[in-house]
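Analysis of the macromolecular model
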Amino acid sequence: MIFNIEEQPQGILSTVSGRLDTPAAVKAQQEIAPLLEHADQVITLDCKDLEYISSSGLRLFLTIRKEAAAKGGKVIIENINEEIKKVFMMTGFFNLFEIK
């Protein structure tokens with residue numbers, strides 16, 4: 001699992017790829033520190049290369065959302081595949097995030 005983070009004029013773009021399972025989510029907790037520092041901006045999580053997400057991965061997304069809400073930022077999730085879309089529907093994430 002990889003979180004690539006890039007500053008852009010409209011906010012922060014993070015490309016998420018691979019499997020976001022429990023071991024990867026533990027490692028990613030440190031990798032998302034720059035996202036949390038810029039949580040006052042628009043953070044876009046591009047999930048086009050995300051293959052799988054576990055409950056630990058969902059919790060990581062919630063951490064980013066919580067920090068953005070506290071700092072006046074916003075989180076947008078885009079390009080999720082059909083399998084992850086089903087997980088988001090079952091867990092209510094479609095109600096928590098702006099999903100494109």
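Before going into details, it helps to say that this report is about the structure given with it. Since the model is a prediction, treat every value here as computed from it, not as a measurement.

Conventions adopted
- Per chain, residues are indexed from 1 in the order of the written sequence.
- Where totals are concerned, whole chains, interfaces and linings use all residues; where local detail is concerned, this predicted model gives features only for residues with pLDDT of at least 70, and gives and counts side-chain atom pairs only at 80 or more.
- Hydrogen atoms and water are omitted, and side-chain values are computed over all heavy atoms in the structure.
- We count a stretch as a helix when DSSP gives it H or I for four or more residues in a row; a strand needs E for two or more, and each element gets its number in order from the N terminus.
- By the convention used here, residues are in contact when the closest approach between their heavy atoms is within 4.5 Å.
- Pairing between two strands is assigned when DSSP locates at least 2 bridges connecting them.
- Between N-to-C directions, angles span 0 to 180 degrees; the directions come from axes that are lines fitted to C-alpha atoms, helices contributing only their stretch in contact.

For Asn-79, the position within the fold is in the loop between β4 (74-78) and α4 (82-91). For the pair Asn-79 and Cys-47, spaced 32 residues apart in sequence, the C-alpha to C-alpha distance is 5.3 Å. Residue contacts for Asn-79: discarding those within four places in its chain leaves Asp-46, Cys-47, Lys-48 and Lys-100.

This brings us to the sheet that holds strand β3 (residues 42-53). Within a sheet, neighbouring strands are paired by backbone hydrogen bonds and run either parallel or antiparallel to one another. Strands sit in the order β1-β2-β3-β4-β5 across an open sheet of 5 strands; the sheet is mixed. The open sheet has two edge strands, β1 (2-8) and β5 (98-99), and neither has a second partner. Inspection of the sheet shows β4 paired to β5 by 2 bridges, in the parallel sense. When the bridges of β5 are listed, Ile-77 appears paired with Ile-99. On the sheet, helix α3 (residues 55-71) packs against β1, β2 (11-20), β3 and β4 and is oriented at approximately 180 degrees with respect to β3. Of the strands in this sheet, β3, β4 and β5 touch α4, which is tilted by about 110 degrees from β3.

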